[in-house]
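Coordinate inspection notes
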Amino acid sequence: MAAKTQRSLQDIIDIILRKIFLVVLQQPSKNDPNIVFLTLTAAKILSEGRTLVLSCTMMDRVLIDRLSGDFPSAEPPFRYLVGCYRRACDELKRVVLVKNASFRSEIVFAIKQARKLVILYCRLYVGNPNMFKTSGHVSGASYLMSMIFAKVSTHMDEFGDEFGDDTFDSPPGFINEFFRDGDDGNLELVVQDLFEKLRQSVDGISPLGNFQQPMRALLWLIEYPNNAKILVNHPRWIPKKTNLPIGEGRMIEIESILGAFLRVSALPDSKEFKSTPDVGQQCFSEASNRRSVDLSSLTTIKKAMNILYDGLVAVFHKLLNNQDTQERVLEYLAEVIKKNSARSCMQVDPLSFASYGMLVNLSSVMLRLCQPLLDGAAKWREQIDHRYLFHNTRLDFRQLATMHASSEEVSAWLEEENSSKDTHELEAQEGTSSGTRKEYSLTCECFFITTRVLNLGLMKAISEFEHLFEKLRSYEEDLSILKAMREQGASPLLDANIKHLKKEIDILTQSKSCYEVQIFQDYTLLGQASTFYKLVIIWLVDFVGGFKIPLPSTCPMKFASIPEHFVDDAMNFLEITFGVPEVSEGVVLDFLNFIIMFMANDTYVKNPCLRAKMVEVLNHWIKKKGATLFERHPLSLDYLVSNLLKVDVAHIQLSDKFTIRKNIYELLEYLWNIPSRLNAWKQIAREEKGISNMKLANGNVGMLAFTSEQIPAPFLLPEMVERVAIVLNYFLLQLTGSQWRFLDIKDPEKYEFRPRQLLKQITKIYVHIARGDKEMNVFPAAISKDGQSYNEKLLTSQLFKYVADNLWKIHENRNIIQEFVELGLKVKSAVYEALNEASNAEAILGEIPDEFLDPILHTLMRDPVILPSSRMSVDRPVIQSHLLNGNTQNDPFTRCHLTQDMLIPNTELKQRIEDFIISQRKRK
């Protein structure tokens with residue numbers, strides 16, 4: 001038997017390359033439609049005097065001829081090249097069977113060269129598809145997308161043929177090698193096309209749709225640095241203005257690549273931009289007819305949103321941690337904020353601004369990016385540079401309302417700061433004359449961007465939810481009324497109205513449920529937001545020396561110039577979410593300290609509504625947490641009561657004054673019953689010279705009732721006693737006098753009108769103050785001087801006795817009634833004493849010089865003081881009474897600002913008045 005012929009290395013390589021490229025240079029013995037006979041190529045090789053054998057040096061021209069030739073039965077270029085890569089990988093596995101080590105090394109080299117060449121031509125083809133004949137075939141970019149989707153798919157994905165009918169998996173390693181080191185410029189347009197296809201694949205998709213595959217594909221693509229750079233330089237990264245009839249805020253959402261992913265949300269959107277499948281309809285429709293919402297749907301939505309957040313955070317992390325892409329990402333975030341800055345207004349046009357879904361999603365992403373800050377490490381907090389507010393070139397914070405400083409004050413402060421720096425330091429901070437800007441750390445950038453995103457996103461969505469909830473409640477009340485009317489008699493119009501209202505309620509209920517599942521049941525999101533706002537207030541408090549009282553008398557400009565919404569958002573967020581344990585855990589004490597420090601200080605917090613909001617938050621907290629919240633608080637023990645009494649409601653709208661006063665009253669009433677707070681009340685009574693802040697008591701009878709029991713002294717001060725008497729007399733007359741018939745209110749409980757309880761409270765106030773007046777005996781006289789409610793006609797009708805009779809009927813305490821009757825007798829005596837005294841005074845003093853008369857009431861002054869603005873001398877009790885009025889903190893003659901501590905004693909005039917009285921008495 002003849003010996004087997006030993007093949008040469010050249011023959012082996014020729015055979016392997018023919019298998020890989022499916023080409024031959026000689027007429028094949030049998031017709032195989034998959035193998036192409038390169039006739040012209042073979043003729044050229046022979047004309048060059050070379051043998052018809054494939055080698056490494058010939059692979060390039062072979063591939064060109066194969067791809068450029070007209071071979072009707074052959075595969076299209078991209079599929080063919082991918083097949084070549086797969087066959088090369090298969091041949092590489094068989095090389096291990098070659099025993100000759102030298103041969104094996106050469107063969108491996110040849111196969112790898114072939115595979116490398118295939119990748120090169122794949123890139124050439126997808127970057128320049130017209131360079132080869134491709135008519136009637138799917139583009140290379142579509143094939144690539146199918147490959148990427150197949151690579152990142154899981155058994156749970158809906159992998160289909162949306163990128164072409166000829167979808168196929170890529171050989172192991174092909175797609176990675178295709179993008180690795182692909183920075184030769186051929187891929188830019190193709191990769192741009194891939195990113196655009198990803199944007200289109202999630203456009204208008206809800207969390208119930210297939211957004212996960214495109215998200216994983218996006219993440220996979222940007223793993224390659226060159227692809228990441230192509231993404232952030234994509235025309236749709238920050239899209240330019242289009243001719244679409246929408247605003248820039250909405251445009252950046254629906255036209256940008258990341259916007260398409262960020263808008264995947266369960267939150268409802270306007271009908272023009274509804275996503276599919278509709279979460280509300282699919283999960284929450286006809287909720288009123290269900291016993292409970294489908295728990296599996298809730299779980300699905302929550303899980304989907306967490307997957308979305310994880311994917312988005314991974315994308316931002318990857319791009320932000322790459323120096324080649326970081327700046328463009330920050331530019332994108334700034335553009336989203338700038339184009340949606342007007343979302344903070346009351347009314348939001350859905351065609352003009354990004355959806356609630358996009359900006360809530362971005363809020364969650366930014367909070368997660370701030371995780372190092374949220375972990376509480378001081379080293380991260382030190383990187384938050386307040387100068388970013390004024391010197392960054394990315395976001396304009398100066399157009400926002402500040403905690404206290406005006407824009408002129410901020411400008412003057414910055415100018416003064418800059419002038420105090422030497423040239424070197426200024427250039428280092430602001431940049432050089434060439435226009436380069438100061439660099440801020442990524443931590444600093446993320447902090448300030450997050451404050452704006454939360455304001456426009458999460459906080460605005462929470463506000464919208466509140467409006468939606470109120471509207472739903474109103475509709476439900478209307479429906480109840482219509483149903484009651486139908487019971488009295490049905491009509492076609494009534495039935496139609498009920499049907500329409502039910503439909504509206506169902507739509508609102510769907511929307512409400514969507515908000516609840518994406519926001520209020522996402523404890524991770526709420527917890528991170530709570531921790532972030534805790535970080536904000538700790539950062540702010542650092543500007544004033546930490547958590548301590550008293551505050552510096554002058555508000556530092558660092559604090560005064562901070563945007564007001566930083567604190568306002570924190571207060572609104574806490575008020576709404578405080579009942580959720582996962583949210584409030586670990587942040588309560590810092591916020592309580594902050595509120596106690598600033599709620600009554602208009603030197604630091606200019607906006608009275610914000611100070612009122614702090615009181616409202618406290619009131620919510622105390623109802624949830626009880627006394628234990630305050631017991632472990634040093635600042636609470638020492639300053640809570642006094643600062644509550646100092647809260648100024650003068651400049652709050654009338655409709656809101658009642659709410660804030662009610663909140664203060666409820667807090668003080670609660671604190672009054674805590675033993676540890678009693679000493680604080682008594683200390684206030686001892687230390688306050690005027691308690692000018694008792695004007696709050698004038699507006700709240702309940703507050704007077706419990707504060708007057710153990711600290712009656714403030715009510716007996718010269719500037720207070722007559723005002724208190726007027727208030728009490730007025731209420732007493734309204735409840736028991738001729739005005740009573742006008743207080744006939746339908747459904748009084750609805751308005752919490754309880755006249756019997758009110759009468760008991762007023763009676764107790766009279767008695768409490770009278771008990772504290774045993775030594776001075778000024779209260780009966782003050783009551784008698786009220787010429788409006790307590791007059792001669794009422795005296796003759798024995799008002800106090802009449803009230804006492806009513807008290808017996810409503811079962812008031814016997815001792816209270818007896819003391820009240822005794823006070824009435826003292827008042828009668830005071831009337832007659834006053835008449836005698838007035839007669840005697842007129843006889844003794846005679847004509848009083850004008851300079852001794854108070855210019856406001858024209859009565860003899862006993863304690864004259866000078867007003868610093870007008871330089872007028874007035875009687876101290878008279879001007880103090882004037883200043884106690886809510887809206888009159890000014891000089892009555894010039895309208896300039898005036899407080900009690902600004903009054904200047906006129907000792908010289910006081911002495912002359914006393915001398916006049918003595919001389920007149922001696923003369924008589």
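Every chain is numbered independently, its residues counted from 1 as its sequence is written. Local features are withheld for residues below a pLDDT of 70 in this predicted model, meaning they are given only at 70 or higher, and side-chain atom pairs are given and counted only at 80 or more; totals for whole chains, interfaces and linings count all residues. By convention in this description, side-chain values take in all heavy atoms of the structure and omit both hydrogens and water.

Right, let's talk about the nonpolar core for a bit. For this analysis, a nonpolar core means a set of buried residues of the types Ala, Val, Leu, Ile, Met, Phe, Trp, Tyr and Cys, connected via side-chain atoms within 4.5 Å. Note on exposure labels: buried denotes an accessible area under 20% of the residue type's maximum, exposed denotes more than 50%, and partly exposed covers the range between, all computed with a 1.4 Å probe on protein chains only. Counting residues in hydrophobic clusters, the biggest one holds 217 residues, and the most contacted among them are Phe21, Met571 and Phe598. Note on contacts: a residue pair qualifies if any of its non-hydrogen atoms lie within 4.5 Å across the two residues. Setting aside chain neighbours within four positions, we find Phe21 in contact with Met59, Leu63, Tyr80, Cys84, Ala114 and Val118. Residues Val724, Val767, Val803 and Ala804 belong to the second largest nonpolar core, which totals 31 residues.

Salt bridge, as used here, is a side-chain nitrogen of Lys or Arg placed within 4 Å of a carboxyl oxygen of Asp or Glu. Taken as a whole and assessed by the stated rule, the structure comprises 31 salt bridges. Across the pair Arg250 and Asp269 runs a salt bridge whose closest N-O atoms are separated by 2.8 Å. One end of the pair, Arg250, is in helix α11 (residues 248-255); the other, Asp269, is in the loop between α12 (257-262) and α13 (279-284), with 19 residues separating them in the sequence. For Arg771, the salt bridge goes to Glu819, with nearest N and O atoms at 2.9 Å. On the criterion of sequence distance, the pair formed by Arg771 in helix α38 (residues 755-771) and Glu819 in helix α42 (residues 814-845) is long-range, its members being 48 residues apart. Each helix corresponds to a stretch of at least 4 residues labelled H or I by DSSP, and each strand to a stretch of at least 2 residues labelled E; elements are numbered beginning at the N terminus.

Tracing the backbone shows Ala354 in the loop between α15 (326-339) and α16 (356-369). When its relative accessible area of 3% is taken as the criterion, Ala354 is described as buried. Each C-alpha atom of the pair Ala354 and Glu253 lies 5.8 Å from the other, and the pair is 101 residues apart in sequence. Beyond its immediate sequence surroundings of up to four residues, Ala354 is in contact with Gly249, Arg250, Glu253, Asn340, Arg343 and Leu359.

Aromatic pairs are defined between Phe, Tyr and Trp rings, using the six-membered ring for Trp, whenever the two ring centres lie within 6.5 Å; interplanar angles under 30 degrees are classed as stacked, those over 60 as edge-to-face, and all others as tilted. Under the counting rule described, the total for this entry stands at 32 aromatic pairs. With a centroid separation of 5.7 Å and 80 degrees between ring planes, the pair formed by Phe448 and Trp539 is classed as edge-to-face. Here Phe448 is found in helix α22 (residues 442-456), whereas its partner Trp539 is found in helix α25 (residues 523-542), with 91 residues between them in sequence. We call a charge positioned over a ring when the NZ of a Lys or the CZ of an Arg lies within 6 Å of the ring centre and within 35 degrees of the ring normal. A cation over a ring is seen here: Arg66 above Tyr80, with NZ or CZ 3.9 Å from the ring centre. The ring of Phe273 has Arg250 sitting right over it, with the charged end atom 3.8 Å from the ring centre.

Turning our attention to the packing of helix α1 (residues 9-21) against helix α5 (residues 101-127). Here α1 crosses α5 at 30 degrees, and the two axes come no closer than 10 Å. Compared by their axis directions, α1 and α5 come out roughly parallel. Our pair here, α1 against α5, has a crossing hand that is right-handed. Residues Leu9, Ile12, Ile13, Ile16, Leu17, Ile20 and Phe21 of α1 touch α5, and the partners they reach there are Phe103, Glu106, Ile107, Ala110, Ile111, Ala114 and Val118. Asp, Glu, Lys and Arg are counted as charged, while Ala, Val, Leu, Ile, Met, Phe, Trp, Tyr, Cys and Pro are counted as nonpolar; the rest, among them Gly, fall into the polar class. When its residues are assigned to classes, the contact of α1 with α5 shows 13 nonpolar, no polar and 1 charged. Whenever a helix is involved, its axis is fitted only over the stretch in contact; in every case the axis is a line through C-alpha atoms, and angles between N-to-C directions fall within 0 to 180 degrees. Each angle gets one of four labels, with under 35 degrees taken as roughly parallel, over 145 as roughly antiparallel, 65 to 115 as roughly perpendicular, and the rest as oblique. Two helices that cross are described as forming a left-handed crossing if the nearer one is turned anticlockwise from the farther one by less than a right angle, and a right-handed crossing if clockwise.

In this analysis, strands are considered paired if DSSP registers two or more bridges between them. Within the open sheet, the 3 strands sit side by side as β4-β3-β5. Their pairing is antiparallel. Each end of this open sheet is capped by a strand with a single partner; those strands are β4 (873-875) and β5 (904-905). Pairing of strand β3 (residues 864-866) with β4 involves 3 bridges; the strand directions are antiparallel. Along β4, the bridge assignment pairs Ile866 with Ser873.

By definition, no residue in a patch forms a salt bridge, and every one has over 30% relative accessible area; like charges are joined within 9 Å, nonpolar side chains (Val, Leu, Ile, Met, Phe, Trp, Tyr) within 5 Å. The method behind every accessible area is Shrake-Rupley, applied with a 1.4 Å probe, and residues are considered shielded solely by the protein chains displayed. On the surface, a nonpolar cluster with roughly 330 Å² of combined accessible area is contributed by Ile856, Leu857, Met872 and Phe893. For Met872, the position within the fold is in the loop between β3 and β4. The class of Met872 is partly exposed, set by a relative accessible area of 31%.

Attention now goes to unusual backbone geometry. Note that the residue after Thr276, namely Pro277, is joined by a cis bond; omega there is -10 degrees. Along the chain, Ile549 connects to Pro550 via a cis peptide bond; the corresponding omega equals 5 degrees. Inspection of the secondary structure assignment puts Pro550 in the loop between α25 and α26 (557-560). Phi is positive for Arg871, close to 65 degrees, though the residue is something other than glycine. Topologically, Arg871 is positioned in the loop between β3 and β4.

With that settled, consider helix α27 (residues 565-577). Its 13 residues place the ends of α27 18 Å apart at the C-alpha level, agreeing with the 18 Å of an ideal helix rising 1.5 Å per residue. Within α27, 10 of the 13 residues are buried, which leaves it mostly tucked inside the rest of the structure. Residues His565, Phe566, Val567, Asp569, Ala570, Met571, Phe573, Leu574, Glu575 and Thr577 constitute the buried set of α27. A helix's residues, less one, multiplied by 1.5 Å, set its expected span.

For the rest of this paragraph, the subject is α11. Counting buried residues along α11, 7 of its 8 residues qualify, which places the element largely inside the surrounding structure. The complete set of buried residues in α11 reads Gly249, Arg250, Met251, Ile252, Glu253, Ile254 and Glu255. Elements in contact with the buried residues of α11: α8 (188-202), α12, α15 and α16.

Distances and angles like these do not, on their own, reveal function.
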